[in-house]
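For reference, the chains in residue letters:
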2 protein chains.
Amino acid sequence: MQNAAPAKEHVINAAQLLEHWQGHRKLTRRVIEVFPEDAFFNFSIGGMRPFSQLTWELLTIAAPGITGIVTGDWGSLGDNSHNYAAAAPKTKEGFLKLWDESTAALDEQWETLPDSRFQETILAFGQYEGTIFSTILYFVDNEIHHRGQGYVYLRALGVEPPAFWDRS
Amino acid sequence: MQNAAPAKEHVINAAQLLEHWQGHRKLTRRVIEVFPEDAFFNFSIGGMRPFSQLTWELLTIAAPGITGIVTGDWGSLGDNSHNYAAAAPKTKEGFLKLWDESTAALDEQWETLPDSRFQETILAFGQYEGTIFSTILYFVDNEIHHRGQGYVYLRALGVEPPAFWDRS
């Protein structure tokens, strides 16, 4: 089951890193979809944020994050002037619309990011120092982390979450 | 805050991918440590597995997984003959000991994995087809996912989880 190694010995290439990110975002979108509308905004465990607030955090990171990486122009986290939406939507439908807009923005901005930049050190959102690749992995990891929490909320609500392995 | 791009334009290199994995494993180790002993084995929400069982899953993936990747010799998941431990420990201390042994095994095996292999397609555990890099990312993502669930258990138990951003 082993293919020949490609000519360029990338451990992970840029297109694969984008696919990794967008694959996770597709799964998170399905988690938002299966949440009951009321529980999305109001259900929580142990004093944690409802899944709508966790989702809002993810939205304020993804598109503003890739824009900051590409342009070097960062708003600070929570600085709405730099976000494409001024405030969190009041409905799941509104969240899903922003989610899809972020998906398109991410694809579009990614095209302009050359391979040579992934090892650059940046100050994400004006405060988090790291390489571009590690910043992107952090964004993805943060999404997996919070989505995993959403799975517990869904199980506690008696709702079957989407399959973790499906990134299509 | 930007450094010059390095000569070799890796988006992510092999050493960085290992650091990514081991950094997450350090954080998961701290989550195991802060769990109350009894809750580690018995607490759950919504019919999910206790954190000890989630941790056992991670242990049966990490060291056996890297061994399979490096050697091409896979046991199947849950096939104890291929695991370094025949059964899950009965104490947190026992889990932490296996965790540290896995950490060392991962570092040791990684040294023997050449850059040229990361884009190879393999059949992990004899059943999951994917490239080596995507298989490794899947192992890490699965750990982040289950650990995020552990954070909810801890919050429900009134225990402060370790900081998500700290991978030291």
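Residues numbered from 1 in each chain as written. Chains lettered and ligands numbered in written order. Predicted model: local features only at pLDDT ≥ 70, side-chain atom pairs only at ≥ 80, totals over all residues. Heavy atoms only, no water.

1. As for the UniProt feature "binding site: a divalent metal cation" (unreviewed entry) in chain A
All names here are of chain A.
Next up, step 1: The sites that UniProt annotates as "binding site: a divalent metal cation" (unreviewed entry) are His146.
Next up, step 2: If you trace the backbone, His146 turns up in helix α5 (residues 132–156).
Next up, step 3: Taking the relative accessible area as the measure of exposure, His146 reaches 7% and is therefore buried.
Next up, step 4: Those residues in contact with His146 that sit more than four places away from it in its chain are Arg49, Phe51, Leu54, Glu57 and Leu58. (UniProt positions renumbered as here; feature names shortened; annotations may be inferred. Helix = DSSP H or I, 4+ residues; strand = E, 2+ residues; numbered from the N terminus. Buried < 20%, exposed > 50% of the residue type's maximum accessible area, 1.4 Å probe, protein only. Contact = heavy atoms within 4.5 Å.)

2. Brief notes about the relation of the copies chain B and chain A
Both copies of the chain are related by one operation, a rotation about an axis with a shift along it.
Next up, step 1: If you rotate chain B by 180° and push it 0.0 Å along the axis, it lands on chain A with an RMSD of 0.0 Å. One copy is carried onto the other by what is essentially a two-fold rotation axis.
Next up, step 2: Taken as a fraction of all interface residues of chain B, those also at the interface in chain A reach 100%, which identifies the copy contact as same-surface. (Least-squares fit on C-alpha atoms with pLDDT ≥ 70 in both.)

3. Observations regarding the packing of aromatic side chains
Residues and elements named next belong to chain A.
Next up, step 1: What the rule picks out here adds up to 26 aromatic pairs over all chains.
Next up, step 2: Relative to Phe139, the ring of Trp21 has its centre 6.0 Å away and its plane inclined at 50°; by these criteria the two rings are tilted. Separated by 118 residues along the polypeptide, Trp21 in helix α1 (residues 14–34) and Phe139 in helix α5 bring together distant segments of the chain. Considered together, Trp21 and Phe139 belong to a single accessibility category, that of buried residues.
Next up, step 3: Taken together, a centroid distance of 5.6 Å and an interplanar angle of 50° make the contact between Trp110 and Phe118 tilted. (Phe/Tyr/Trp six-rings, centres within 6.5 Å; stacked < 30°, edge-to-face > 60°.)

4. Looking at the packing of α1 of chain A against helix α4 (residues 92–110) of chain A
Residues and elements named next belong to chain A.
Next up, step 1: Their axes nearest at 11 Å, the elements α1 and α4 cross at an angle of 175°. Accordingly, the angle class assigned to the pair α1 and α4 is roughly antiparallel. Along its contact with α1, which presents Ala14, Ala15, Leu17, Leu18, Trp21, Gln22, Arg25, Thr28, Arg29, Ile32, Glu33 and Val34, the element α4 presents Lys92, Leu96, Trp99, Asp100, Ser102, Thr103, Leu106, Asp107 and Trp110.
Next up, step 2: Split by residue class, the contact of α1 with α4 holds eleven nonpolar, four polar and six charged. (Axes fitted to C-alpha atoms, helices over the stretch in contact; angles between N-to-C directions. Parallel < 35°, antiparallel > 145°, perpendicular 65-115°, else oblique. Nonpolar A, V, L, I, M, F, W, Y, C, P; charged D, E, K, R; others polar.)

5. Looking at the nonpolar core
Next up, step 1: Core analysis: the largest hydrophobic core is formed by 95 residues, its most contacted members being Trp110 and Phe118 of chain A together with Trp110 and Phe118 of chain B.
Next up, step 2: Here Trp110 of chain A is in contact with Ala14, Ala15, Leu17, Leu18, Trp21, Ile66, Phe118 and Ile136 of chain A, once residues within four sequence places are set aside. (Core = buried A, V, L, I, M, F, W, Y, C linked by side-chain atoms within 4.5 Å.)

6. Quick word on the pattern of salt bridges
All names here are of chain A.
Next up, step 1: Per the counting criterion, the structure on display carries 16 salt bridges over all chains.
Next up, step 2: The closest approach of N and O atoms between Glu101 and Lys97, which form a salt bridge, is 3.0 Å. Remark: Lys97 and Glu101 occur in helix α4; sequence separation between them is four residues, near one turn of the helix.
Next up, step 3: What makes Glu101 partly exposed here is its relative accessible area of 36%. (Salt bridge = Lys/Arg side-chain N within 4 Å of Asp/Glu carboxyl O.)

7. So, the side chain of Gln119 of chain B
Next up, step 1: Structurally, Gln119 of chain B can be placed in the loop between α4 (92–110) and β1 (121–124).
Next up, step 2: The class of Gln119 of chain B is buried, set by a relative accessible area of 14%.
Next up, step 3: A distance of 3.2 Å separates a polar atom in the side chain of Gln119 of chain B from the backbone oxygen of His10 of chain A.
Next up, step 4: Within polar-contact distance, the side chain of Gln119 of chain B engages the side chain of Gln16 of chain A at 2.7 Å. (Polar contact = N/O pair within 3.5 Å; in protein donor to acceptor, adjacent residues only side chain to side chain.)

8. Considering empty space enclosed by the protein
The probe, sized like a water molecule, is rolled over the atoms to show the empty space still left.
Residues and elements named next belong to chain B.
Next up, step 1: Applying the stated criterion across every chain yields a total of one cavity of 30 Å³ or more.
Next up, step 2: When its volume is computed, the largest cavity comes out at roughly 40 Å³.
Next up, step 3: Contributing to the lining of the largest cavity are Trp21, Leu58, Ile61, Ala62, Phe139 and Glu143.
Next up, step 4: For the lining of the largest cavity, the secondary structure elements donating two or more residues are α3 (51–71) and α5 (132–156).
Next up, step 5: Top element by residues in the lining of the largest cavity is α3. It accounts for three residues.
Next up, step 6: Its residues placed into classes, the lining of the largest cavity shows five nonpolar, no polar and one charged. (1 Å grid on protein atoms, 1.4 Å probe; cavity = no way out; pocket = protein on both sides within 12 Å on 5 of 7 lines; lining within 4 Å. Points joined across faces, edges and corners; volume = space filled by probe spheres on them.)

9. Side note on the pairing of strand β2 (residues 128–131) of chain A
Residues and elements named next belong to chain A.
Next up, step 1: Sheet topology note: the strand β1 (residues 121–124)/β2 ladder contains four bridges and is antiparallel. The residue of β2 that forms the bridge with Ala124 is Tyr128.
Next up, step 2: Here β1 hands over to β2 after three residues, with Phe125 in that stretch at a positive phi of 50°. (Pairing = 2+ DSSP bridges.)

10. As for the environment of Val159 of chain A
Next up, step 1: Mapping Val159 of chain A onto the fold places it in the segment after α5.
Next up, step 2: Sequence separation between Val159 of chain A and Val34 of chain A is 125 residues; the distance between their C-alpha atoms is 7.7 Å.

11. Focus on the interface of chain B and chain A
Next up, step 1: Each side of the interface is counted separately: chain B has 45 residues, and chain A has 45 residues.
Next up, step 2: For the pair chain B and chain A, the summed buried surface comes to about 4400 Å²; carbon and sulfur atoms form 65% of the total.
Next up, step 3: At the boundary of chain B with chain A, the tally comes to two salt bridges.
Next up, step 4: Across the pair Asp141 of chain B and Arg167 of chain A runs a salt bridge whose closest N-O atoms are separated by 3.9 Å.
Next up, step 5: The interface formed by chain B and chain A holds eight residue pairs in polar contact (both at pLDDT 80 or more) in total.
Next up, step 6: Counting residues per element, the ones that place at least two in the side of chain B that touches chain A are α1 (14–34), β1 and α5 of chain B.
Next up, step 7: Class assignment for the residues of the side of chain B that touches chain A results in 22 nonpolar, 15 polar and eight charged. (Buried area = accessible area lost by both parts, 1.4 Å probe.)

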